Amino acid sequence: MSITQNLTQLKASLKKEVTLVAVSKTKPIADLQEAYNAGQRVFGENKIQEMTTKWEALPKDIEWHMIGHVQRNKVKYMASYVSLIHGVDSLKLLKEIDKQAKKHQRRINCLMQIHIAEEETKFGLDASELINLVQTDEFKELDHIQVVGVMGMATFTKDDSQIRKEFKALKSIFDSLQKLLPQVTFISMGMSGDYKIAIEEGSNMVRIGSSIFGSRNY
């Protein structure tokens, strides 16, 4: 099926309250333009340089989400336009985003990345680290960022029960964070292989690439 057909079918299967992030990393601008023409306005990239090239080339009403691991020295390249940064996993990174956002007189929305998978290769904070971080004076002094939710990636496994358990854990952390930060509204979990389970467990933002654009050449 075409990108347009894939998007139409996918959106029809999602609840209205679920935000679809079209993961367009490594895909050519023509593919993103086709998705845009089909009504998609939220795109996710994992490399800042590639995202910036696409931002320059494509319509300016697109929301660009940075979904990859963020290096602090690269934040400045996206600070003028990025809509949401998914993978924030430290106070140091929050401070850098705040600093760069201030230069552009913006407030940048962020999701705190939580480590829920059994795989050690995944980045993220644990529940206690997150709760401690958002209660520090240093965090409260950051005026140009806003933490609006959490994100996490489940273990890469075919064991649905394990995936469900990990998503339940993230939903519990989201609920705890919401009590401390009322502006927290997004829980970003679920990708092409597990987004249906994620939505059942409370996700309201899914990151889907191959089901829209086809298999990816890494």
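Structure: above.
Our subject in this report is the structure included herewith. Note that the structure is predicted; figures quoted are calculated from it, not measured.

With that out of the way, let us pick up unusual backbone geometry. Of note in the backbone geometry, Thr 26 takes a positive phi value of approximately 70 degrees without being a glycine. Inspection of the secondary structure puts Thr 26 in the loop between β1 (19–23) and α2 (29–37). Using a relative accessible area of 39% as the deciding quantity, one classes Thr 26 as partly exposed. For Gln 105, which is not glycine, the phi dihedral falls at a positive 50 degrees. Checked against the element boundaries, Gln 105 lands in the loop between α4 (91–103) and β5 (108–113).

Residues of α2 that are buried include every one of Asp 31, Leu 32, Ala 35 and Tyr 36, and no others. Seen from one end, α2 has its buried residues packed into an arc of 140 degrees, which puts them on one side. Across from the buried face of α2, at angles greater than 90 degrees, the exposed residues are Ala 30 and Asn 37. Phi turns positive one or two residues past the end of α2, at Gly 39, with a value near 105 degrees.

For an α-helix, the turn length of 3.6 residues means that residues three or four places apart are oriented alike. Taken together, the buried positions of helix α3 (residues 48–57) are Ile 48, Met 51, Thr 52 and Lys 54. Across the axial projection of α3, the buried residues extend over an arc of 165 degrees, all falling on one side. Pointing more than 90 degrees away from the buried face of α3 are the exposed residues Gln 49 and Glu 56.

Reading the values: the criteria
- Residues numbered from 1 in each chain as written.
- Predicted model: local features only at pLDDT ≥ 70, side-chain atom pairs only at ≥ 80, totals over all residues.
- Heavy atoms only, no water.
- Helix = DSSP H or I, 4+ residues; strand = E, 2+ residues; numbered from the N terminus.
- Buried < 20%, exposed > 50% of the residue type's maximum accessible area, 1.4 Å probe, protein only.
- Arc of directions from axis to C-beta.

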